Amino acid sequence: MEEEDIFALAQTLWGEARGEDDEGMMAVCCTVINRFNSGKWYAGKTIEETCKKPWQYSCWNDNDPNKACMLKLKPEQLEREYSIINKVVSGIYNDVTCGATHYYNPKACKMPKWAVGKVPCYVHGRHLFFNNVD
């Protein structure tokens, strides 16, 4: 993974899961990597592109109230996120999400159209994770 991929992934973890414990943040990290590896329409050509693909990870949306704060973060402010990424990429943390490529927080938003009729493959913290989204 290139440096810009790791930084974008760390920003995404901060933006999407900073209030979660390590397992919750690790699960979000796995969805980004699983999504990238899927090669499906919602994946980018790089991890960075996957993170920043429009309307995929809400922390990158212009209407996200925390986006400006996230963009000001320096790598040294993302030590926890970098540690999680390292543990996922090195295999210390296994993918507990069963290959999930999507998730949402039902307390933060209404059910997305892609989740209607689907059963989560993993639940942790405030997030429901899904591995059967095409």
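Use the structure listed above.
Parameters at a glance
Residues numbered from 1 in each chain as written. Predicted model: local features only at pLDDT ≥ 70, side-chain atom pairs only at ≥ 80, totals over all residues. Heavy atoms only, no water. Helix = DSSP H or I, 4+ residues; strand = E, 2+ residues; numbered from the N terminus. Buried < 20%, exposed > 50% of the residue type's maximum accessible area, 1.4 Å probe, protein only. Contact = heavy atoms within 4.5 Å. Core = buried A, V, L, I, M, F, W, Y, C linked by side-chain atoms within 4.5 Å. Axes fitted to C-alpha atoms, helices over the stretch in contact; angles between N-to-C directions. Parallel < 35°, antiparallel > 145°, perpendicular 65-115°, else oblique. Left-handed = near helix turned anticlockwise from the far one by under 90°. Nonpolar A, V, L, I, M, F, W, Y, C, P; charged D, E, K, R; others polar. Pairing = 2+ DSSP bridges.

J.: What am I meant to see in the environment of tyrosine 103 here?
T.: Inspection of the secondary structure puts tyrosine 103 in strand S1 (residues 102-104). Overall, tyrosine 103 belongs to the buried group, its relative accessible area being 10%. A sequence separation of 90 residues divides tyrosine 103 from leucine 13, and the C-alpha atoms of the two residues are 13 Å apart. Leave out the neighbours within four places in its chain, and tyrosine 103 touches Glu16, Val28, Thr31, Tyr57, Trp114, His127, Leu128, Phe129 and Phe130.

J.: I'm lost on the nonpolar core in this one. Help?
T.: The nonpolar side chains of a soluble globular protein tend to be buried with one another. Leu9, Leu13, Cys29, Cys51, Ile84, Val88 and Phe129 are the most contacted members of the largest nonpolar core, which has 29 residues in total. Listing elements by their share of this core, those giving two or more residues are helix H1 (3-17), helix H2 (22-38), helix H3 (47-52) and helix H5 (79-89). Looking at which element gives the most residues to this core, the answer is H2, with eight residues. Those residues in contact with leucine 13 that lie beyond four places of it in its chain are Arg18, Met25, Val28, Cys29, Glu81, Ile84 and Ile85. Ranked by size, the runner-up nonpolar core spans five residues in total, among them Ala115, Leu128, Phe130 and Val133.

J.: Would you take a moment to explain the packing of H1 against H2 for this structure?
T.: When two helices pack together, you describe them by how their axes are tilted relative to each other and by the distance separating the axes. Relative orientation of the contacting elements H1 and H2 amounts to 130 degrees, with a least axis distance of 10 Å. Viewed along their axes, H1 and H2 adopt a mutual orientation that is oblique. You can see that H1 and H2 cross each other, and the crossing is right-handed. Between H1 and H2, the contacting residues are Leu9, Thr12, Leu13, Glu16 and Ala17 on the first element and Met25, Val28, Cys29 and Val32 on the second. Along the lines of polarity and charge, the residues of the contact of H1 with H2 split into seven nonpolar, one polar and one charged.

J.: Looking at this structure, I do not really get the sheet that holds S1. What am I missing?
T.: Two pairing modes exist for strands in a sheet, parallel and antiparallel, and in both the strands are linked by backbone hydrogen bonds. Pairing in this open sheet of three strands is antiparallel, and the strands run S1-S3-S2 from one edge to the other. If you trace the sheet from one side to the other, it starts and ends with S1 and strand S2 (122-124), each paired once. Neighbouring strand axes in the sheet, compared pairwise and without regard to direction, differ in orientation by 20 degrees on average. The sheet contact formed by S2 and strand S3 (residues 127-130) spans three bridges and is antiparallel. Among the inter-strand pairings, histidine 124 is bridged to a residue of S3, identified as histidine 127.

J.: I keep staring at unusual backbone geometry and nothing clicks. Help me out?
T.: Excluding glycine, residues mostly carry a negative phi; peptide bonds, for their part, are mostly trans. Backbone geometry places tryptophan 55, a non-glycine residue, at a positive phi of 65 degrees. You can see tryptophan 55 is positioned in the loop between H3 and helix H4 (67-72). Using a relative accessible area of 62% as the deciding quantity, one classes tryptophan 55 as exposed. Non-glycine residue cysteine 98 carries a positive phi angle of around 60 degrees. Assignment of secondary structure puts cysteine 98 in the loop between H5 and S1. Note on cysteine 98: relative accessible area 52%, which makes it exposed.

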